[in-house]
Structure formats: structure tokens, C-alpha cells
Amino acid sequence: MNDKSPRDKSQRDKNQSEQTANQAWGGRFAAGPAAIMQEINASIGFDRKLWRQDIRGSLAHAAMLAQQGIIGADDESAIRTGLAQIQAEIEAGGFVFDAALEDIHMNIEARLIERIGEAGKRLHTARSRNDQVATDFRLYVRDAIDGLDGQMLGLMRALAERAEIHAADPMPGFTHLQTAQPVTFGHHLLAYVEMLARDRGRFADARARLNQCPLGSAALAGTPFPIDRNATAAALGFDRPTANSLDAVSDRDFALEFLSAASICAMHLSRFAEEIVLWCSAPYRFVTLSDRFTTGSSIMPQKRNPDAAELVRAKIGRILGSFVGLLMVMKGLPLAYAKDTQEDKEPVFDAADALTLSLAAMEGMVRDLTPNLVRMRELAGSGFSTATDLADWLVRVLKLPFRSAHHVTGRLVAKAEARSVGLADLSLAEMQAEEAGITADIFSFLTVEASLASRTSFGGTAPGNVRAAARNWIEALS
């Protein structure tokens, strides 16, 4: 009969957990943390995502310590070998993450000491978890920006390639969701290329500002060891070390700036996703998405729902929420480090994942969608969309002041609306009743194609403009 009860086993596990924690914290604490304290304090459940960055930072730190004679070459070699083994262990899924060790930094360090003994204990010389996590987190955000930049480029290329194909295909341009003037489908797509280009610029700016290395700031005041912070900064690809140790360990504006740029980018994707949802609806019928990016209904067999677009449209809520949440965490923190900043990682991780998925889905939809060019052409001429062309003709040919031309055109629109016809369906006599100088030449300017062709100003929707702009983007993004 087993004389060990479940309660005895639970007590043994608790004692083992306390012993592990005490080993990590040294002689200061006689007892381990209460269960609730351990639960709220541990971050290994999410910050294990930083393991690659933590190992990179530790390798650079160990190399610098050896270079400066702070640790021996044998110790540095053992540390390098041990960290390589831990990396392989994590990649193979065999690493055991222990909540009693709180975070990824202590988990890796404890495992390193298990593997290589005393040499592993020397790794933490001249650094603190404060500068360690600040460095790891900057490395993570930098890596995330680089990955997102590649995705934004991919989406921009997809949009520009489709814009070139549809440089001359008309669609209605809207203001207030009312038909305003004809534009080309290519011109519409290129608008999002411009937005994404600015998004890339914001991320690039954020990356440039975050690219300073906190390692060597230690807990908050620097270290008395003769470290070479320029060496560790260079080894990790940073432009320079941070200039103030208090700021380096405690500020998270680089994470906030990342989340701000991510929120704006997600907002742009959400706008485009909203348009795709509208375009797929029966009243619009501008585009169709294949089964790859739609789902059906559990009750209505005819349905094809643009769920991918709807989910992209929703992601802005999570990403913006992450930005606001972290801003609230940081707003009241005195210098230097506070445990509150442990709450910085989950929102950044979640936002990066959400934006990564959104960009992938959006590029997929852009490449997948089939435009209904006949339907778009039909609606491009609806709603008196060439009324502005009539007013422009009156200004250009008859030299009317624009405001007078606007009034004449408004009266002609009212006349056509009363007869339920288009402007081009009015007779010359009906037009001349409002403005005697109008000639039959006006009718050649009231077609959708004529309207598009006339918009040759820089950035305008004339097909030649659109084709050239699309080609320029394709070449620039190659």
C-alpha cells in the first residue's frame, strides 16, 4: 500500500517549488512565494516567446565579458556551448519551462547552470534582469517590424500589380458613400499602396528610434565592471548603446510607438476590408472572393460570406486596445523599473500576431478577388457622376466663374432628375434654356471615359497616370 497521500505529494511539490525559487533569489528570502503571488508574478507563460532574443543577448554579453577580461575564455566557451544546447532543446520541444523561475531569463539561466555548472553562474555578471529584458524586448520589436515590413511590401506589390491591370477600368468614386465622380479601379487600389507606404515609414521611424542597446545599464545605475557597451550594441545590430541607464531599463516608448504604428496600419487594413465587404454584397456586386477566403451559412445555402475581410476589419479593436492598455500601464510609473512593465509584452505580442495575420489575409484577398468590371462600369456613370465635368466645361470653354457654372449644372441635374434621365440624355435645347452658350460639343465630355481621361493632374485618375504610377510602384517594390 502506498503510504504517500496526494496531500503529501502536493506538499513535496510546493517544497520543491520553494527550493527552486530560493536558489534563484539567493539568501534574501527564507520562504518561497505564496501560490497566488507566484501566479501573478510569473511571466513565463507568455515571455517564453523571447527565448531567441534572450539567447542572442546572452551570447553577446558573454563574449564582451570575456573580451574585457571579466570572465575567462573557458567560461565564455562553456556558456556559448551551453546556450547552443539550450537553443536546440527549445527548438526540439524538450525544454521544461518552470513557472517557479518566473520568466524566460531565469529559466534559461537556471538550465545553463544545470548544464555547465559554475561557468553558468558567471553569465549574469554586470547585468540585471532589468536591462536584459529591455534588450530582449527591443530585439523582439525590431524583429517584428522587419517581418511586418516584408508583409507590407508583399501587399503593396499585390495592389500595384492589380492596379496596373485595371488602370483604365472605371468604377464609381464615392464621397459620403454617394456616387461622386468616376475613377478607375486601379486608382482606387493605388490609394491603399500610398497608405501602406506611410505605414512602412512609421514603422521604419520607430525602428530607428528603438535601435539603441540597453544592455549594460544593469538594474538602473550602470555597473562598476569595465564593460564595453559599444561592443554588445554592435554585436546585436544596434546603432549605439542607450545613453541613460535609468531611461534604458524603465521606458517602453519603443513598444508604444510600435503599437501606434500597428494601430494606424490596422486601421488602413480595416478600411479596405470594409470596402471588400461592401463590394461583395448583392447591391454592389463589384467583386467576388473565392471559397478560399469566404465561408457559408449553417442555414442559408446560397450564402458566401466575406469572413476573412470581416475578421481583418475587427483586428483593429485588438491592436488599438493593446496600444491604449500599455499607455495606461506606463502613464503613472516613476523611475526606474517597476514590475508593472511586465504587462508590456502580451499586448505587443498579440498586436504583432494580429497584424501579421491581417496583412497575410489581405494580400491573399487582393490576389484572389475577381472584379465585376461590367457592374463597376455601369455604376461609374450613375448618380450624375459627370456633373463636375459639365461644370468644368462651362468654366473652361464659356469662361463662366466656377460658382456660376456650379449653379447652372445644379439646375440641369435637377431637370434630368425630374425626368429620370442622365445629364447626357437632356436635349441641347434643354441645356441651352439654362445657359445659352452651351453647344453640342458638351455631350462628348459627359461620358465616363471622357471624365476619366480628363483627370490628368498629378495624382489624378486618368488611366495614363494610373498606369505610370502602378509601374513606378512595381519597380520601386521589386
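Residues numbered from 1 in each chain as written. Predicted model: local features only at pLDDT ≥ 70, side-chain atom pairs only at ≥ 80, totals over all residues. Heavy atoms only, no water.

Would you mind showing me how to read the pairing of strand β1 (residues 170-175) here?
As a general feature of sheets, a regular strand has side chains that alternate between the two faces. Bridge analysis of β1 against strand β2 (residues 178-184) gives 6 bridges, and the strand direction is antiparallel. The residue of β2 that forms the bridge with Pro170 is Thr184. In this antiparallel pair of consecutive strands, β1 and β2, the connection spans 2 residues, and His176 shows a positive phi of 60 degrees. (Pairing = 2+ DSSP bridges. Helix = DSSP H or I, 4+ residues; strand = E, 2+ residues; numbered from the N terminus.)

Can you help me understand unusual backbone geometry in this one?
Among all residues save glycine, negative phi is the norm, and among peptide bonds the norm is trans. Note that the residue after Leu335, namely Ala336, is joined by a cis bond; omega there is 5 degrees. Position of Ala336 relative to the elements: it lies in the loop between α13 (307-330) and α14 (345-368). Phi is positive for Ala218, which is not a glycine, with a value near 60 degrees. Its location among the elements puts Ala218 in the loop between β3 (212-213) and α10 (229-235). The backbone phi angle of Arg285 is positive, close to 55 degrees, even though this residue is not glycine. Relative to the helices and strands, Arg285 resides in the loop between α12 (253-280) and β5 (287-288).

Sorry, what's going on with the environment of Ala66 here?
By the secondary structure assignment, Ala66 is in helix α4 (residues 51-67). Considered as a pair, Ala66 and Leu177 are 111 residues apart in the sequence and their alpha carbons are 66 Å apart. The residues contacting Ala66, other than those within four sequence positions of it, are Ile71, Gly72 and Glu76. (Contact = heavy atoms within 4.5 Å.)

Explain the confidence of the model for the protein here, please?
Interpretation of this model should avoid reading the predicted coordinates in detail wherever pLDDT is low. On average, the protein scores 92 in pLDDT, and the residues at 70 or more come to 91%. The low-confidence segment residues 1-15, where pLDDT is below 50, has 2 contacts with residues more than four positions distant or belonging to other chains. (pLDDT = per-residue confidence, 0-100.)

What's the story with the environment of Ser444 in this structure? I'm lost.
In this fold, Ser444 is placed in the loop between α18 (428-434) and α19 (448-454). On the basis of relative accessibility, which here comes to 43%, the residue Ser444 falls in the partly exposed class. Side-chain polar atoms of Ser444 contact the backbone oxygen of Asp441, separated by 2.8 Å. (Buried < 20%, exposed > 50% of the residue type's maximum accessible area, 1.4 Å probe, protein only. Polar contact = N/O pair within 3.5 Å; in protein donor to acceptor, adjacent residues only side chain to side chain.)

Quick question: what am I supposed to make of helix α15 (residues 373-380) here?
Buried residues of α15: Arg375, Met376 and Ala380, and no others. Seen along its axis, α15 keeps its buried residues to an arc of 135 degrees; they face one direction. The elements touched by buried residues of α15 are β1, β2, α9 (185-210), β6 (370-371) and α19. (Arc of directions from axis to C-beta.)

Mind showing me how you'd approach the pattern of salt bridges here?
Pairs may arise between side chains of opposite charge once their charged atoms sit close together. Overall, the coordinates contain 32 salt bridges when judged by the stated rule. Note that Arg122 and Asp75 form a salt bridge whose closest N and O atoms lie 2.9 Å from each other. Of the two residues, Arg122 is situated in the loop between α7 (118-121) and α8 (129-165) and Asp75 in helix α5 (residues 73-91); the sequence distance between them amounts to 47 residues. Take Arg122: its relative accessible area is 40%, and that puts it in the partly exposed class. Ionic contacts of the salt-bridge type, sharing partners, join the residues Glu89, Arg111, Glu114 and Arg115 into one network. (Salt bridge = Lys/Arg side-chain N within 4 Å of Asp/Glu carboxyl O.)

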